[in-house]
Amino acid sequence: MRNLRKRQSPDVQRSLFGEILDWMLAPLLFVWPISIAFTHYFANSVASFPYDQSLREHVAAVSRQVSFVDGQPHFALPGIAQVFLRSDEIDNVYFHLLDVDGSLIVGDTELPVPRHPQGLPRSEHGEVLFRDDEYRGQALRVAYLYLFEPGASAARWVLIEVGETTEKRSQLANKIIASVILPQFVIIPLAVVLVWFGLSQGLRPLTRLRDRIQARREADLSPIALRRVPEELRPLTEAFNSMLARMQHNVDAQRRFIADAAHQMRTPLTGLKTQAQLAMRESDPAELRHALRQILSGVDRASHLVDQLLALARAEASGHAQQPLLPLDVDQLLREIVETWVVRALDKRIDLGYEAAGAVLIEGNAFLLREMINNLLDNALRYTPAGGRVTARVVAQGDFAVLEIEDSGPGIADEDSQKVFDRFYRVEGADGEGSGLGLAIVREIAELHQAAASLRPNTRHADGEEPSGCIARIVFRVQRPPPPRGATPDAVQTGFA
């Protein structure tokens, strides 16, 4: 169960309000400890500065009481002055003077001395320095000075040290920290409340948009007005409007399909009913067989109509569902389909031919392309009289592959060459039986493949024959094979490695 929850947890999406609030408060909670650390550091620095200045003045005052007589240091600070130097209500103050040999001249014996390597740095001559140390278990801030005898060598000096415990510094630093941190305990919760309120007000357009969508009727697929939509919500609203437009298109297609199907099915079903009623009245066996043949013919027409209606519905559904298009050899596919129509062509005494073109790759859906070619061949064989010709071919023309179905039927007028792709449109005076859906299916599938479908009169003719019939053309974009590995651009363009 625990593993199941872990797998499901990435799919659980929190509210947008909670996500924004987290991303605003999480950095604040992360930065707050860092702010406290910086406050502590700078508070200690600020608190140390005035007391360091006081220690520097003490060292300077002591140094003014030191003199050198015959190379020996002498200290002339009265006892009451020493008591005043040590006087402090909170901290303990210590001092001492050491000569160059480390011998105590005056002051506290155990006060620690600076740790130096051999020799004395030149930068320390006459400069008051500071360090942190420890004395009798207490933290100590020490100011010290190397006082040299005027005009003497650098080897003759006196070390003056004044040390002070750090209680006053700690108290001042704590007051500074408290004066900065304590208001934050009021400011941060107040900031959280203000952020909460601001987010609630800022996300109200989302709530209004939700209410507008929920208040719509189920059948209302009109686009949402962008007049009062905030700039940040416009892309989302436009995408939603685009989805509504696609849904409206699907609904319209379904309604149109149902209306067309109901209209087209009514005629053959009415005819079948009439033929059945006539057959029931007949007593002559010959007339009865004739009526049954009429019923069988009507059933075939109705079955063909239903098949084409379903094919059209599949083509439209495939277009809306964005079926994957894969590389395939359209010439090989055409040959396989032509072979299945040979028997019907022989029955109608039509010369069905196929002209090979070699491998021609396009991106397509084999099932839909098979449906399209079947409709083209059915249309050609249906309207070509006995003794005629139907030729199927694929012609490669540069970046394009042209699929052609040529017949020797009655042909078509220029004004009808585009109308025949409309649903249920039939050329006036056409002798063949059809539903007017075949070429509509062809156009739907061609558009899905981003191909161009056309039907034009046949201008080709054999020697001594007048041109007749039609040529149905579907123009695809050729799928180029990937260049060989390691080939240079020049080699790919010219064909030479």
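Residues numbered from 1 in each chain as written. Predicted model: local features only at pLDDT ≥ 70, side-chain atom pairs only at ≥ 80, totals over all residues. Heavy atoms only, no water.

Focus on the pairing of strand β5 (residues 129-135)
- Here β5 shows a clear split, with Leu129, Arg131, Asp133 and Tyr135 buried on one side and none of Phe130, Asp132 and Glu134 buried on the other.
- For β5 and strand β6 (residues 138-148), the ladder comprises 7 bridges, and the chain directions are antiparallel. Bridging from a neighbouring strand, Leu129 pairs with Tyr144 of β6.
- Linking β5 back to β6 in an antiparallel pair, the connection comprises 2 residues, with Arg136 at a positive phi of about 55 degrees. (Buried < 20%, exposed > 50% of the residue type's maximum accessible area, 1.4 Å probe, protein only. Helix = DSSP H or I, 4+ residues; strand = E, 2+ residues; numbered from the N terminus. Pairing = 2+ DSSP bridges.)

Considerations on the sheet that holds β6
- Read from one edge of the open sheet, 5 strands run β4-β3-β7-β6-β5, paired in antiparallel fashion. If you trace the sheet from one side to the other, it starts and ends with β4 (104-107) and β5, each paired once. With strand direction ignored, the average angle separating the axes of adjacent strands in the sheet is 25 degrees.
- For strand β3 (residues 93-98) and β4, the ladder comprises 3 bridges, and the chain directions are antiparallel. (Axes fitted to C-alpha atoms, helices over the stretch in contact; angles between N-to-C directions.)

Considerations on the pairing of β6
- In terms of residue burial, β6 counts as a mostly covered element, since 9 of its 11 residues are buried.
- Inspection of the sheet shows β6 paired to strand β7 (residues 157-165) by 9 bridges, in the antiparallel sense. Note on β7: the bridge partner recorded for Tyr144 is Glu161.

So, the pattern of salt bridges
- In the structure shown here, the tally under the stated rule is 16 salt bridges.
- Between Arg344 and Asp378 there is a salt bridge whose closest N-O contact spans 2.6 Å. One end of the pair, Arg344, is in helix α9 (residues 342-347); the other, Asp378, is in helix α10 (residues 366-383), with 34 residues separating them in the sequence.
- On the accessibility criterion, Arg344 (28% relative accessible area) is partly exposed.
- In this structure, Glu406 engages Arg393 in a salt bridge whose closest nitrogen and oxygen atoms are separated by 2.9 Å. Of this pair, Glu406 sits in strand β12 (residues 400-407) while Arg393 sits in strand β11 (residues 389-397), placing them 13 residues apart in sequence. Of the two residues examined, Glu406 and Arg393, each falls in the buried class.
- Each of Asp52, Asp91, Asp132, Arg141, Glu164, Lys168 and Arg169 takes part in one network of salt bridges that share partners. (Salt bridge = Lys/Arg side-chain N within 4 Å of Asp/Glu carboxyl O.)

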